[in-house]
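Residues per chain are reported as follows:
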2 protein chains.
Amino acid sequence: MKVVDNISRMATLVKIHKKEGKSVGFVPTMGYLHEGHLSLVKTAKKHTDVVIMSIFVNPIQFGPGEDLAKYPRDLKHDEELAGSAGVDIIFYPSAKDMYPPGYCTYVNVEGLTDNLCGRSRPGHFRGVTTVVAKLFGIVKPDIAYFGQKDAQQAIIIKKMAEDLNTGVEIKVLPTVREVDGLAMSSRNMYLSASEREDASILYQSLEQAEYLIDKGERDAKKVIKAIETMIKEKTSSKIDYISIVDTKELKDVDTISGEVLIALAVFIGKTRLIDNIIKKVTADVK
Amino acid sequence: MKVVDNISRMATLVKIHKKEGKSVGFVPTMGYLHEGHLSLVKTAKKHTDVVIMSIFVNPIQFGPGEDLAKYPRDLKHDEELAGSAGVDIIFYPSAKDMYPPGYCTYVNVEGLTDNLCGRSRPGHFRGVTTVVAKLFGIVKPDIAYFGQKDAQQAIIIKKMAEDLNTGVEIKVLPTVREVDGLAMSSRNMYLSASEREDASILYQSLEQAEYLIDKGERDAKKVIKAIETMIKEKTSSKIDYISIVDTKELKDVDTISGEVLIALAVFIGKTRLIDNIIKKVTADVK
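Residues numbered from 1 in each chain as written. Chains lettered and ligands numbered in written order. Predicted model: local features only at pLDDT ≥ 70, side-chain atom pairs only at ≥ 80, totals over all residues. Heavy atoms only, no water.

This part covers the overall build of chain A. Looking only at helices and strands, chain A features ten helices and ten strands. Radius of gyration (C-alpha) of chain A: 19 Å, near the 19 Å computed for a compact globule of 286 residues. Projected onto its principal axes, the C-alpha coordinates of chain A cover approximately 60 × 45 × 40 Å. By the burial criterion, 56% of the 286 residues in chain A qualify as buried. Taking all contacts inside chain A whose residues are at least 6 apart in sequence as the whole, residues at least 24 apart take part in 73%. On chain A, roughly 13,100 Å² of surface is accessible, and the fraction owed to carbon and sulfur atoms is 51%. In chain A, the 40 positive side-chain charges and the 39 negative ones have mean positions that sit 3 Å from each other. (Helix = DSSP H or I, 4+ residues; strand = E, 2+ residues; numbered from the N terminus. Rg over C-alpha atoms; globule rule 2.2 N^0.38 Å. Buried < 20%, exposed > 50% of the residue type's maximum accessible area, 1.4 Å probe, protein only. Contact = heavy atoms within 4.5 Å. Areas by Shrake-Rupley, 256 points an atom, 1.4 Å probe, with all protein chains shown as cover. Lys, Arg positive; Asp, Glu negative; His and termini not counted. Charge placed at Lys NZ, Arg CZ, Asp CG, Glu CD.)

Residues and elements named next belong to chain A. A surface patch of nonpolar side chains, amounting to about 260 Å² of accessible area, comprises M1, V3 and Y92. Relative to the assigned elements, M1 resides in the segment before β1 (2–4). Judged by relative accessible area, which is 47%, M1 ranks as partly exposed. (Patch = residues over 30% accessible without salt bridge, like charges linked within 9 Å, V, L, I, M, F, W, Y side chains within 5 Å. Salt bridge = Lys/Arg side-chain N within 4 Å of Asp/Glu carboxyl O.)

Attention now moves to the interface of chain B and chain A. Counting from both sides, the interface comprises 23 residues of chain B and, opposite them, 23 residues of chain A. Both sides of the chain B and chain A interface together cover about 2,000 Å² of buried area, and 47% of this is carbon and sulfur. Taken together, chain B and chain A are joined by two salt bridges. Note that E110 of chain A and R126 of chain B form a salt bridge whose closest N and O atoms lie 2.7 Å from each other. (Buried area = accessible area lost by both parts, 1.4 Å probe.)

What follows concerns the domain arrangement of chain A. Residues and elements named next belong to chain A. Domains assigned within chain A are domain 1 (2–173) and domain 2 (186–274). The C-alpha-based centres of domain 1 and domain 2 are spaced at 26 Å. Approximately 1,600 Å² of surface area, both sides summed, lies buried where domain 1 meets domain 2, with 57% of it carried by carbon and sulfur atoms. Put simply, R187 and D67 hold a salt bridge, and the shortest N to O gap is 2.8 Å. Connecting domain 1 to domain 2 are nine residue pairs in polar contact (both at pLDDT 80 or more). For the side of domain 1 that touches domain 2, the elements supplying multiple residues, two or more each, are α5 (117–120) and α7 (151–163). A total of three residues in the side of domain 1 that touches domain 2 trace back to one element, the largest contributor, which is α7. (Domains from an automatic or database assignment. Polar contact = N/O pair within 3.5 Å; in protein donor to acceptor, adjacent residues only side chain to side chain.)

All names here are of chain A. Judged by pairing direction, the sheet is parallel, and its six strands sit side by side in the order β1-β4-β3-β2-β6-β7 without closing on themselves. Every other strand in the sheet has two partners, leaving β1 and β7 (169–173) as the edge strands with one partner each. Averaged over all pairs of adjacent strands, the angle between strand axes in this sheet comes to 25°, irrespective of strand direction. Relative to strand β4 (residues 89–91), strand β3 (residues 50–55) runs parallel, the two sharing three bridges. Looking at the pairing, S54 lines up with F91 of β4. Strand contacts of helix α3 (residues 75–85): β1, β3 and β4, with the helix running at about 160° to β3, the strand carrying the most contacts. Of the strands in this sheet, β2 (24–29), β3, β4, β6 (143–147) and β7 are in contact with helix α6 (residues 124–139), which crosses β2 at around 150°. (Pairing = 2+ DSSP bridges. Axes fitted to C-alpha atoms, helices over the stretch in contact; angles between N-to-C directions.)

The next subject is the packing of aromatic side chains. Residue and element names in this part refer to chain A. Enumeration over the complete set of coordinates arrives at ten aromatic pairs over all chains. Among the aromatic side chains, those forming a connected cluster through ring pairs are F56, Y99, Y103 and Y106. Across the ring face of Y203, the terminal group of R177 is positioned such that the distance to the ring centre comes to 3.6 Å. (Phe/Tyr/Trp six-rings, centres within 6.5 Å; stacked < 30°, edge-to-face > 60°. Lys NZ or Arg CZ within 6 Å of the ring centre and 35° of its normal.)

Once that is clear, we can look at the sheet that holds strand β8 (residues 237–246) of chain B. Residue and element names in this part refer to chain B. One open sheet holds the three strands; their spatial order is β8-β9-β10, and the pairing between them is antiparallel. Of all strands in the sheet, those with a lone pairing partner are β8 and β10 (271–281), marking the two edges. Across the sheet, the mean angle separating the axes of adjacent strands is 15° when strand polarity is ignored. With nine bridges connecting them, β8 and strand β9 (residues 258–268) associate as antiparallel partners. Each residue of the ladder has a partner; that of Y241, found in β9, is A265. In the packing of helix α9 (residues 201–214) onto the sheet, contacts are made with β9 and β10, and the angle to β10 comes to roughly 20°.

With that settled, consider the pattern of salt bridges. Taken as a whole and assessed by the stated rule, the structure comprises 34 salt bridges over all chains. Note that K232 of chain A and E228 of chain A form a salt bridge whose closest N and O atoms lie 3.0 Å from each other. With K232 of chain A and E228 of chain A both in helix α10 (residues 220–232), this residue pair falls four residues apart, about one helical turn. Under the relative-accessibility criterion, K232 of chain A is labelled exposed at 55%. Between E228 of chain B and K225 of chain B there is a salt bridge, with the nearest N and O atoms lying 3.6 Å from each other. Here the residue E228 of chain B and the residue K225 of chain B both occupy positions in helix α10 (residues 220–232), the gap between them amounting to three residues, near one helical turn. Where salt bridges share partners, they join E210, D214 and K279 of chain A into one cluster.

Once that is clear, we can look at the side chain of R272 of chain A. All names here are of chain A. Following the sequence through the fold, R272 ends up in strand β10 (residues 271–281). Classification of R272 by relative accessible area gives buried; the value is 16%. Of note is the side chain of R272, whose polar atom sits 2.9 Å from the side chain of D240. Every residue in contact with R272, bar those within four places of it in the chain, is listed here: C117, S120, R121, R187, D240, Y241, A265, V266 and F267.

With an RMSD of 0.0 Å, the fit of chain B onto chain A corresponds to turning through 180° and sliding 0.0 Å along the axis. Expressed as a symmetry operation, the mapping of one chain copy onto the other fits a two-fold axis. Across chain B, the smallest distance between a C-alpha and the rotation axis is recorded for V107 of chain B, namely 2.3 Å. Counting the interface residues of chain B, we find that 100% of their copies in chain A are interface residues as well, pointing to one common contact surface. (Least-squares fit on C-alpha atoms with pLDDT ≥ 70 in both.)

Right, dumping it as structure tokens:
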């Protein structure tokens, strides 16, 4: 496994592989790898000849007061995990090479970025789509892999990849969870032992929502209320949002029908965690 | 020469050429070709194996009240000119394929788009950079060619291509002019006979500006005033802007030094024409 920190060296390596007729699978990450990332790598390994993982804590997707400075980093450990999962090249660029003085080009996916995390984190998705457009430019992947945990991100990136005719196929893979259901996230390491226990309420509340919908509940407000009630029982929690939206335009729905995304962001202590499920409802018999 | 109107067919053709190890030169146009476009083709022909020209009147770079509907189109004539200049493939996509319902991704180059034409045509450059990013995605050129007549556009696209790590080299070629100095433009066909005569004042005034600077004038305001006075003598003219800016950040300068862009936009009758020169001033002996 190679570790490449130079942008033009990375682009050259890709060119060489492409000339040999090899397909490129790409797993963009911010590092501090967990099983969620590695599941993307394992799938990429099955589909493509060369698997490239980027590790880059992208400053422009963090807002003021967010956790850019303290975001966990451990390249040595990441290298071990990536290598054993089958990554061929780690691309590890520096922020000053990605955003040199005078940098001024941004990619925006309008509309889809207004709701959910876009509402709580203004500018966040502009940072995400910009860095992903840049990484696609450098790595020129055939297929890029993203986790369902960041549902809105995955939908936005898929839209961007299509709209800008990048030719990159976007694959979104299921959220990998801890035994108690907590979605794997690099940010889970911020949690104290008691917060870690409380955090399992996020997925439990989503499961409860699914249960209610399966039992026939179609009123989005009632389902949201049920989730809210469960989460509020944990005193360490502070809800950022709980939303039920359609999966096309990410707009709030009143009535649950077709395919919906049930998404939430909750602070457990000072740590903001997100989770979601996608629920498909077949037309009810009248 | 092939004419391809299907986006995925175009992308596939490029893939085939790339697999054969061929380099791709790209000349994006809005059609209604003139010698300016053809000079780009001829240079592309020297540098690259396959020359692709796009002909696409891009709706999102026109503002309300601008000339989108009446912008001249003549594909048959364009095909003849392009073919004889050496174009291998004309890419001729439809607006509904480029911007299908739900299209929502835009590329912005911030700052550089605020002055000059960006000031008079809000949203124009966002439309330009978005379509060029899309065309680069489809055509995946090694080198793309633009005319110096659209000086701000060329600088913005070069910045975008670098910032987004497209790997596309941008070449900017000299403005091709009519015998009396008028910059070639598809929009010149809007001019009446008398307006066509008046229009030559644009380049004459730029030549006069150059003369003044060569004689030692360094006060931007005085040079602009001289241009303005000349243009105002033509009663068919209405000045949109006359500006002298640095070529890096496109900000107005008070004192002419280093490399400056002297750019203007002037209505002759109802037709908005642009022109510019780049002037390099070596440090004056004190």
